[in-house]
Amino acid sequence: MSKSIIYDTFLSHSHTDADIVEYIASKLEDDHNLKVWLDKWIIVPGEPFIQSLSKGLDEAKTCVVIIGNNTPKGWFSEEIGKALNKQSRDKSFRVIPLLLPDVKSNFVDSFLELRSWVKFDANLDELRPFHELTCGIKGISPGRQFKNSSNNEMNYLRKDLKKINDLFQDNLIDESVKIEFQKSIVQELLKAERNGK
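Since the model is a prediction, treat every value here as computed from it, not as a measurement.

*Asks:* I'd love a proper account of the environment of Phe130, names of residues and values included.
*Replies:* Among the structural elements, Phe130 can be located in helix H5 (residues 127-138). As a C-alpha pair, Phe130 and Leu28 span 102 residues in sequence and 8.5 Å in three-dimensional space. Once you skip the residues sitting within four places of it in the chain, Phe130 turns out to touch Ile24, Lys27, Leu28, His32, Phe120 and Leu124.

Next comes the structure, spelled out in structure tokens:
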């Protein structure tokens, strides 16, 4: 009997990187429409932790192993082992190492280094690494070049404009704050459009 697949990806990480990982998870869901398994979001308080992690891996199409500057220890290493075991049984399941900014490649586990990985060089808002990550999760090639960076940036800025309007409609910000944010976003939109030409 096969397990049902519910999540596009399972995020495996050290808890020292929890805030950064939640930011990545939010971008994957909000900006790329992917269903993410993140322990903080999924595990009900009081549930057995290890069994919940194991079930989450079984219900995911891929596993993104997020590597920060602290060497993975404890259950994190067990998660990696379980993900690699699942990949050996299911060739469609991908294990994607993701290096956070300022992490050296020697932090990549010897079993993970046999896979191509995604690396953020400067910060988590770099478009190319996020494009590569989403392609890895979707199982598609990232392509020769990332020509749509200005289009993607414009899409993000348009979403920001919508969020500002939503906040204003919900009376969470006043009109002067809304106008100030709109001005800065429009300036960024114009700059992105010029760079795209």
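From this point, things continue past the structure.
*Asks:* Describe the pattern of salt bridges, naming the residues involved and giving the relevant values.
*Replies:* As enumerated under the stated definition, the model contains six salt bridges in all. With its nearest N and O atoms 3.3 Å apart, the salt bridge here joins Lys61 to Asp8. Residue Lys61 is located in the loop between helix H3 (49-58) and strand E3 (62-67), and its partner Asp8 is located in the segment before strand E1 (9-12); the two are separated by 53 residues in the primary sequence. The class for Asp8 is buried, based on a relative accessible area of 16%. Linking Glu132 and Arg128 is a salt bridge whose minimum nitrogen-to-oxygen distance equals 2.9 Å. One end of the pair, Glu132, and the other, Arg128, are both in helix H5, four residues apart, so they sit about a helical turn from each other.

*Asks:* Which residues make up the confidence of the model for the chain, and what values do they have?
*Replies:* Caution applies to low-pLDDT regions: their predicted coordinates should not be interpreted in detail. Scored by pLDDT, the chain has a mean of 78; 73% of the residues are at 70 or more. At the level of individual helices and strands, the chain shows its lowest average pLDDT in helix H4 (residues 75-89), which scores 63, and its highest in strand E2 (residues 36-37), which scores 96.

*Asks:* Quick rundown of the pairing of strand E4 (residues 94-99)? Include the residues and the values.
*Replies:* Among the six residues that make up E4, five are buried, leaving the element largely enclosed by the rest of the structure. Pairing geometry for E3 and E4, over six bridges, is parallel. Bridging across to E4, Ile67 finds its partner in Leu99. Bridge count for E4 against strand E5 (residues 118-119) is two bridges, and the pairing is parallel. Residue pairing across strands places Leu99 opposite Lys119, the latter belonging to E5.

*Asks:* Any details on the sheet that holds E3? Residues and values, ideally.
*Replies:* Strand pairing in a sheet relies on backbone hydrogen bonds. The paired strands run either parallel or antiparallel. Pairing is parallel in the open sheet, where five strands are placed in the order E2-E1-E3-E4-E5. The open sheet has two edge strands with one neighbour each: E2 and E5. Strand contacts of H5: E1, E3, E4 and E5, with the helix running at about 165° to E4, the strand carrying the most contacts.

*Asks:* Break down the pairing of E3 for me, with residues and values.
*Replies:* When you tally the buried positions in E3, you get six out of six residues, the bulk of the element. Neither face of E3 is open: one carries Thr62, Val64 and Ile66, the other Cys63, Val65 and Ile67, and all of them are buried.

*Asks:* Describe in detail the nonpolar core, supporting the description with residues and values.
*Replies:* In summary, soluble globular proteins display a tendency toward joint burial of nonpolar side chains. Of all hydrophobic cores here, the largest spans 33 residues; its most connected members are Leu11, Ile24, Leu28, Val64, Ile66, Leu98 and Leu133. Secondary-structure elements contributing two or more residues to this core are E1, helix H1 (18-32), E2, H3, E3, E4 and H5. Ranked by the residues each element gives to this core, the list is headed by E3, at five residues. With five residues, the next largest nonpolar core counts Leu157, Leu161, Ile164 and Ile185 among its residues.

Quick notes on the rules
Residues numbered from 1 in each chain as written. Predicted model: local features only at pLDDT ≥ 70, side-chain atom pairs only at ≥ 80, totals over all residues. Heavy atoms only, no water. Helix = DSSP H or I, 4+ residues; strand = E, 2+ residues; numbered from the N terminus. Contact = heavy atoms within 4.5 Å. Salt bridge = Lys/Arg side-chain N within 4 Å of Asp/Glu carboxyl O. Buried < 20%, exposed > 50% of the residue type's maximum accessible area, 1.4 Å probe, protein only. pLDDT = per-residue confidence, 0-100. Pairing = 2+ DSSP bridges. Axes fitted to C-alpha atoms, helices over the stretch in contact; angles between N-to-C directions. Core = buried A, V, L, I, M, F, W, Y, C linked by side-chain atoms within 4.5 Å.

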